[in-house]
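Here is how the chains run, residue by residue.
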Amino acid sequence: MSKNNTIKETQKEIEILNREIDRKIVRGLSYKREAQRHQYLRVQLYKMTRSSNSFGWMSKSLSFVSTFIL
């Protein structure tokens, strides 16, 4: 599976977990297991997308500096 497909599938699973967590909140049920899985998937998604943008820190720094210049 390619990296893009993995990212898309992870995003879909996060959306499914969000709906399940919402249902459990409305019903007043515990959603601890789903919340832990959601957090794990968010971290994995962050790691996958962060590594693809190796100059992210530089663009953030430049945008921060540009706010003071303009």
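Here the structure is a predicted model, which is why all the values come from computation and not from measurement.

Quick notes on the overall build of the chain
Then comes step 1: Counting secondary structure elements, the chain contains 3 helices and 0 strands.
Then comes step 2: Evaluated residue by residue, the chain yields a buried proportion of 17% over its 70 residues.
Then comes step 3: Pairs at least 24 residues apart make up 56% of the contacts formed inside the chain by residues separated by at least 6 positions.
Then comes step 4: A total of about 6100 Å² of accessible surface is found on the chain, and carbon and sulfur atoms cover 57% of it.

Digging into the nonpolar core
Then comes step 1: Among the nonpolar cores identified, the biggest contains 6 residues, and these are Ile7, Ile14, Leu17, Leu41, Leu45 and Met48.
Then comes step 2: Those elements that provide at least two residues to this core are helix H1 (3–27) and helix H2 (32–52).
Then comes step 3: Discounting residues that sit within four places of it in the chain, Leu45 has contacts with Ile7, Thr10, Gln11 and Ile14.

As for the pattern of salt bridges
Then comes step 1: Inspection of every chain in the model, using the stated rule, returns 4 salt bridges.
Then comes step 2: One salt bridge in this structure joins Lys12 and Glu9, with 3.8 Å as the shortest N-O distance. Here Lys12 pairs with Glu9, and both are found in helix H1, just 3 residues apart, close to one helical turn.
Then comes step 3: In this structure Lys12 comes out as partly exposed when scored by relative accessible area, which is 47%.
Then comes step 4: By relative accessible area, Glu9 is classed as partly exposed at 41%.
Then comes step 5: Its salt-bridge partner being Lys24, residue Glu34 comes within 2.8 Å of it at the nearest N-O pair.

Looking at the confidence of the model for the chain
Low pLDDT marks stretches whose predicted atomic positions should not be read closely.
Then comes step 1: For the chain, per-residue confidence averages 83 on the pLDDT scale, and residues scoring 70 or more make up 71% of the total.
Then comes step 2: Here helix H3 (residues 56–69) stands out as the element of the chain with the lowest mean pLDDT, 61, in contrast to H1, whose mean of 94 is the highest.

Comments concerning H1
Helical geometry: 3.6 residues make up each α-helical turn, so side chains three or four residues apart lie on a common side.
Then comes step 1: Given a rise of 1.5 Å per residue, 25 residues ought to cover 36 Å, and the 36 Å separating the end C-alpha atoms of H1 matches this to within 8%.
Then comes step 2: Along H1, the residues that are buried comprise Ile7, Thr10, Ile14, Leu17, Ile21 and Lys24.
Then comes step 3: With its phi angle positive at about 80 degrees, Gly28 sits one or two positions after the end of H1.

Conventions we followed
- Residue numbering note: each chain is counted from 1, following its sequence as written.
- Where totals are concerned, whole chains, interfaces and linings use all residues; where local detail is concerned, this predicted model gives features only for residues with pLDDT of at least 70, and gives and counts side-chain atom pairs only at 80 or more.
- Note that water and hydrogens are dropped before the side-chain values are worked out from all heavy atoms of the structure.
- Strands are runs of DSSP state E lasting at least 2 residues, helices are runs of H or I lasting at least 4, and numbering of each runs from the N terminus.
- Burial classification: accessible surface area is computed with a 1.4 Å probe over protein chains only, and a residue below 20% of its type maximum counts as buried, one above 50% as exposed, and the rest as partly exposed.
- Any two residues having at least one pair of non-hydrogen atoms within 4.5 Å are treated as being in contact.
- Only the protein chains shown count as covering a residue, and every accessible area follows the Shrake-Rupley method with a 1.4 Å probe.
- Here, nonpolar core means buried Ala, Val, Leu, Ile, Met, Phe, Trp, Tyr and Cys residues that are tied together by side-chain atoms lying within 4.5 Å of each other.
- Whenever Lys or Arg places a side-chain nitrogen within 4 Å of a carboxyl oxygen from Asp or Glu, that contact is recorded as a salt bridge.
- What pLDDT reports is the predictor's confidence in each residue, on a scale of 0 through 100.
- Here the expected span of a helix is defined as 1.5 Å times the quantity of residues minus one.

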